[in-house]
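# Observations on the model geometry
These are the residues of each chain, in order.
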Amino acid sequence: MARTRRKVAYRKRTQNRFSMFLIVMVLMFIMVMVAVKSSEIKGKIDSKAQEEALLDQQILAEEERAREIEDYGKKVQTKGYIEDMAREKLGLVYEGEILFKEDK
């Protein structure tokens, strides 16, 4: 009887060791998977941060372009600009004004 108790106790101890080994292996596997996914996510975060910086630069460039277009629109509405374009593009002059052309 004592002998069977020893065998049972030995089996339980062996089973406990094997169970603990399996639990440790599963935990290590989970830790490795978490580490891999964490590095993937960090890479994605870095690439998104670069993309965000690029988009911020594009936004600033477009805002500057919009300001330039607005300034140009205001300039085009002035009387002086309209007169200059009429002289250059259409060759118009005021009444009584003499136009001299230079020879090349």
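Structure shown above.
Residues numbered from 1 in each chain as written. Predicted model: local features only at pLDDT ≥ 70, side-chain atom pairs only at ≥ 80, totals over all residues. Heavy atoms only, no water.

Of regular secondary structure, the chain possesses 2 helices and 0 strands. Taking all 104 residues of the chain together, 2% fall into the buried category. (Helix = DSSP H or I, 4+ residues; strand = E, 2+ residues; numbered from the N terminus. Buried < 20%, exposed > 50% of the residue type's maximum accessible area, 1.4 Å probe, protein only.)

This part is about the pattern of salt bridges. Inspection of every chain in the model, using the stated rule, returns 5 salt bridges. For lysine 37, the salt bridge is made with glutamate 40, and the minimal N-O distance between the two is 3.7 Å. Of this pair, lysine 37 and glutamate 40 both sit in helix H1 (residues 2–76), 3 residues apart, which is roughly one turn of that helix. With relative accessibility at 45%, the residue lysine 37 sits in the partly exposed group. In this structure, the salt-bridge partner of lysine 48 is glutamate 51, at a minimum N-O distance of 3.9 Å. Placement of the pair is lysine 48 and glutamate 51 together in helix H1, with a separation of 3 residues, close to one helical turn. (Salt bridge = Lys/Arg side-chain N within 4 Å of Asp/Glu carboxyl O.)

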